Amino acid sequence: MRWRTTRPAVLAAVIALSLAVAACGGGEEPPASGPVEITLWHGQAGVAAKSIEKLVARFNKGDHGIKVRSESGGVTPDGMLPKITAALTSDAYPDIAYLYGSWAPNVARNPKTADLTGFVKNPAVGWSDFWASEREAATIEGKVIGFPAVVDNMVVLYNKRMFAQAGVKEPGPDWTWEDFRAAAKKTTDAKKGVFGTTWPISGGEEAVWGLWPLVWQNGGDILSPDHKKAVFNSAAGQKALGLLRDMAVDDKSIYLDSTAAEKSQKLFESDRIGMFLSGPWVLPDLQAAELDYGVAQLPGTAGNHETVSGPDNWVVFQHDERRVKAAAEFLSWLTSAERQLEWMIDTGSLPIRESISKLPGYKDYLKKYPGIEVISANLANAKRVRPPTTKYPRVSSFVAEAIAQALLGRSDVKTALDEAVRKSEAALAVPGS
């Protein structure tokens, strides 16, 4: 079922009626009047923060009986899991928080995480309009813990001017990792502090998620199907990290960034890095920098251009039923096709609903962000998700350490990955951790 502009009023009526029935029982008075106040931690910065604040302000002007207090939460999305984990030990936690989809298993096991399974069955929510990967990321063992917030995937953004100066052909649909390495080498000028590409060594997930497509393309995986064994040190894993190690240590064509890719993005925008592995969220910044950029799917292995996608969630937490239902109604409004198209035009994000592409303003979105159609089409190359297990964040941290050790030349690839597997399996063996 497609979204309708009258949906918020309908949902408000349904929710108000259900609350009244639940509260009144045998003729008792409904709950106290006045708006339900909820708190949102969005973790966004820059244009994304401005866009979400704008939408929240508009919602608060409506007649919903709900007031949303929106704030960053004091962290970026990378720091939201530890922030929420600490907050949930007290009563100082929000009603809604922006969290990476790979963290859903960690959050779902907390008893303060709300269960929205019944709510999303309402046809007015249009749950089936979200992409399947998003619904999967928001559902843990049959429990829906929130609404899809963002769907994305990794592509290669490249500096057209630097490619032309170095005499490098722009990537085609069939380019390979050998092409990628050669292009990085040709666009590197060590004397001028110019590099062909970059890789984070900051120790976080931003250092890791770009490795997984290389592992998958080579026939490997992260964990065993039962999630009890780490298998990323296979021949496929060694080949994947070996390529990056050779580029960093032998070619010296990789700028090693210890700032979670923040510095490397600025260098990319200022003609100091030729290729930047990232996603649609950086397009507004590139346009603001007036960079002449191109977009290509990830290089392939034997014709396989598999990428990694990171569906993120607006997760709802339990204070009381009125606040949970208010949070769910707000998220229904926020994630409607019309509101999402606004968010997309502001931020360059991809459509989280199938129906968005049918809206009249979708063509304006495509026109505003050259190359966005490549990123949208690349969703078809996102075939697997990172393991939906509570242990994944720890595994990721061990892999991030291995990547840093290999790219800095402090360890050979096999030793680094074997050590990460040893630590990962120790973590995987701990019950309930």
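Undergrad: Would you take a moment to explain helix H18 (residues 413-428) for this structure?
TA: Given 3.6 residues per turn, any residue in an α-helix points the same way as the ones three and four places further on. Compared with the 22 Å implied by 1.5 Å per residue over 16 residues, the 22 Å span of H18 between its first and last C-alpha is a close match. Taken residue by residue, H18 has Val413, Ala416, Leu417, Ala420, Val421, Ser424, Ala427 and Leu428 as its buried positions. All buried residues of H18 project into a common sector of 135° when viewed along the axis, lining one side. Where H18 is buried, its residues meet helix H10 (235-251) and helix H17 (392-407). Between the side-chain oxygen at the start of H18 and the backbone nitrogen of Lys414 there is a gap of 3.2 Å, and the oxygen is on Asp412.

Undergrad: Would you mind going over the layout of surface pockets with me for this structure?
TA: One way to see where empty space is left: roll a probe the size of a water molecule over the atoms. Looking at the largest pocket, its volume works out to about 1,300 Å³. Around the largest pocket, the lining is made up of 46 residues, and of these Asp78, Tyr100, Gln265, Trp281 and Val282 lie nearest the centre. Of all the elements in the fold, those that place two or more residues in the lining of the largest pocket are helix H2 (46-61), strand E3 (96-100), strand E8 (197-200), helix H8 (205-208), helix H11 (262-269), strand E10 (275-278), helix H12 (283-288) and helix H14 (337-347). The greatest single-element share of the lining of the largest pocket, amounting to five residues, is contributed by H11. Counted by class, the lining of the largest pocket contains 22 nonpolar, 13 polar and 11 charged residues.

Undergrad: Even after reading the chapter, I still don't get the pairing of E10, so can you show me in this structure?
TA: Burial along E10 is two-sided: the face carrying Met275 and Leu277 and the face carrying Phe276 and Ser278 are both buried. Two elements, strand E7 (residues 155-159) and E10, share four bridges in a ladder whose sense is antiparallel. The residue bridging Val156 from the neighbouring strand is Leu277, located in E10.

Undergrad: Could you clarify how one ought to interpret unusual backbone geometry in this entry?
TA: One can expect most non-glycine residues to show negative phi and most peptide bonds to be in trans. If you check the backbone angles, Lys252 has positive phi at about 55° while not being a glycine. Taking the relative accessible area as the measure of exposure, Lys252 reaches 53% and is therefore exposed. Here Glu290, not a glycine, exhibits a phi torsion of approximately 55°, which is positive. Here Glu290 lies in the loop between H12 and strand E11 (293-296). What makes Glu290 exposed here is its relative accessible area of 73%.

Scoring rules and cut-offs
- Residues numbered from 1 in each chain as written.
- Predicted model: local features only at pLDDT ≥ 70, side-chain atom pairs only at ≥ 80, totals over all residues.
- Heavy atoms only, no water.
- Helix = DSSP H or I, 4+ residues; strand = E, 2+ residues; numbered from the N terminus.
- Expected span 1.5 Å × (residues − 1).
- Buried < 20%, exposed > 50% of the residue type's maximum accessible area, 1.4 Å probe, protein only.
- Arc of directions from axis to C-beta.
- Contact = heavy atoms within 4.5 Å.
- Polar contact = N/O pair within 3.5 Å; in protein donor to acceptor, adjacent residues only side chain to side chain.
- 1 Å grid on protein atoms, 1.4 Å probe; cavity = no way out; pocket = protein on both sides within 12 Å on 5 of 7 lines; lining within 4 Å.
- Points joined across faces, edges and corners; volume = space filled by probe spheres on them.
- Nonpolar A, V, L, I, M, F, W, Y, C, P; charged D, E, K, R; others polar.
- Pairing = 2+ DSSP bridges.

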